[in-house]
Amino acid sequence: MLITERIAIFTLLLLSIGQFLLRAPFAARLKMLITPNRWLLWIGAGAGVAILGTTAWWSYLQHRLWAGNEFTKALLPPHQSIWYFIDRIIVREMVGPWFVALATAVLGFFALRWLNRRRGEVFFEKEEYLLFAVGIFLSGYPGLLIYAVFMMLGGLIKTITYASFRWGRAPLANLWLPLALFGILVKHWYVPQALLSQFTF
């Protein structure tokens with residue numbers, strides 16, 4: 001398992017525990033000090049910086065490795081355009097998949113907020129936009145595709161359960177982060193790498 005996936009798993013565990021503790025009855029005083037969106041934003045941003053920093057460091061190390069080898073030195077300037085290294089290592093393997101996840105998370109955040117406001121804010125709680133976006137980003141690419149399937153299935157099952165028992169609106173806020181964690185673990189242990197490679201650049 002890559003260090004970036006470990007950072008994502010640790011962050012999702014930390015956020016899930018924090019979310020559980022903030023929903024507990026004894027957390028009313030804690031909520032006055034730390035709003036859920038604030039701690040979620042800071043921890044999610046910290047994980048994003050750690051993940052993107054790690055991938056940038058890997059790209060630098062890969063460049064140093066290639067520059068120190070007689071055969072791979074021919075793949076770097078002045079023998080080859082720098083764009084080969086940027087495309088092959090940085091965009092396709094290191095930083096690119098995380099930027100796809102980040103862009104999808106930002107688009108998902110604004111799409112959920114727009115949809116919810118358009119429908120009179122009946123679908124989601126305000127903190128769910130950020131939970132959704134953090135879950136997408138930390139799932140990475142192509143892991144966010146697995147996360148999307150789990151989100152749809154989890155949301156559907158919970159909504160049907162609540163509707164069947166007439167419990168009212170099904171709160172989905174406590175599903176976003178655990179499903180992202182579950183998606184990463186399923187991707188790592190159960191989804192064949194040959195299948196995942198069809199979704200990479």
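These numbers come from a predicted model, not from an experiment.

Enquirer: Residue-level account of a nonpolar patch on the surface, with values.
Expert: Together, Phe-99, Leu-102, Val-106 and Phe-110 line one region of the surface with nonpolar side chains, adding up to about 340 Å² of accessible area. Along the chain, Leu-102 falls in helix H5 (residues 96-118).

Enquirer: How would you summarise the nonpolar core if you had to cite specific residues and measurements?
Expert: Among the nonpolar cores identified, the biggest contains 41 residues, and Leu-138 and Trp-176 are the most heavily contacted of them. Counting residues per element, this core draws most heavily on helix H6 (residues 126-139), which supplies 9 residues. Leaving out residues up to four positions away in the same chain, Leu-138 has contacts with Ala-8, Thr-11, Leu-12, Ala-47, Ile-51, Trp-98 and Ile-184. In this structure, Leu-76, Ile-89, Met-94 and Val-95 belong to the second largest nonpolar core, which totals 6 residues.

Enquirer: Hey, could you go over the pattern of salt bridges for me, with residue numbers and the actual values?
Expert: Throughout the structure, instances matching the rule amount to 4 salt bridges. A salt bridge links Lys-73 to Glu-70, with the shortest nitrogen-to-oxygen separation between them at 3.7 Å. Looking at Glu-70, the relative accessible area reads 62%, which means it is exposed.

Enquirer: A description of the environment of Ile-7 should follow, citing residues and the corresponding values.
Expert: Its location among the elements puts Ile-7 in helix H1 (residues 3-23). By relative accessible area, Ile-7 is classed as buried at 19%. Ile-7 sits 44 residues away from Ile-51 along the chain, and the two C-alpha atoms are 7.0 Å apart. With residues up to four places along the chain from it excluded, the contact list for Ile-7 reads Ala-47, Ala-50, Ile-51 and Thr-54.

Enquirer: Outline the packing of aromatic side chains, listing residues and values.
Expert: Counted by the stated rule, this structure contains 12 aromatic pairs. Ring geometry for Trp-66 versus Tyr-84: centroids 6.4 Å apart, planes at 25°, classification stacked. Of this pair, Trp-66 sits in helix H3 (residues 36-67) while Tyr-84 sits in helix H4 (residues 82-94); the two residues are 18 residues apart in sequence, bridging distant segments of the chain. Taking the centre distance of 4.9 Å and the plane angle of 15° together, the rings of Phe-165 and Trp-167 count as stacked. Note on Phe-165: relative accessible area 54%, which makes it exposed. Taking the relative accessible area as the measure of exposure, Trp-167 reaches 52% and is therefore exposed. Members of the aromatic cluster, joined through ring pairs, are Phe-123, Phe-124, Phe-132 and Trp-176.

Enquirer: Outline the environment of Met-151, listing residues and values.
Expert: Tracing the chain through its elements places Met-151 in helix H7 (residues 143-164). Through-space distance from the C-alpha of Met-151 to that of Ala-180 is 8.3 Å; in sequence the pair is 29 residues apart. In this structure Met-151 touches Phe-132, Trp-176 and Leu-179, once residues within four positions along its chain are discounted.

Enquirer: Tell me about unusual backbone geometry, residues and numbers included.
Expert: Residues Pro-77 and Pro-78 are joined by a peptide bond in cis, for which omega reads 10°. Among the structural elements, Pro-78 can be located in the loop between H3 and H4. Note that the residue after Tyr-141, namely Pro-142, is joined by a cis bond; omega there is 10°. On the secondary structure map, Pro-142 appears in the loop between H6 and H7. Although it is not a glycine, Arg-166 sits at a positive phi angle of roughly 55°. You can see Arg-166 is positioned in the loop between H7 and helix H8 (176-189).

Definitions and cut-offs
Residues numbered from 1 in each chain as written. Predicted model: local features only at pLDDT ≥ 70, side-chain atom pairs only at ≥ 80, totals over all residues. Heavy atoms only, no water. Patch = residues over 30% accessible without salt bridge, like charges linked within 9 Å, V, L, I, M, F, W, Y side chains within 5 Å. Areas by Shrake-Rupley, 256 points an atom, 1.4 Å probe, with all protein chains shown as cover. Salt bridge = Lys/Arg side-chain N within 4 Å of Asp/Glu carboxyl O. Helix = DSSP H or I, 4+ residues; strand = E, 2+ residues; numbered from the N terminus. Core = buried A, V, L, I, M, F, W, Y, C linked by side-chain atoms within 4.5 Å. Buried < 20%, exposed > 50% of the residue type's maximum accessible area, 1.4 Å probe, protein only. Contact = heavy atoms within 4.5 Å. Phe/Tyr/Trp six-rings, centres within 6.5 Å; stacked < 30°, edge-to-face > 60°.

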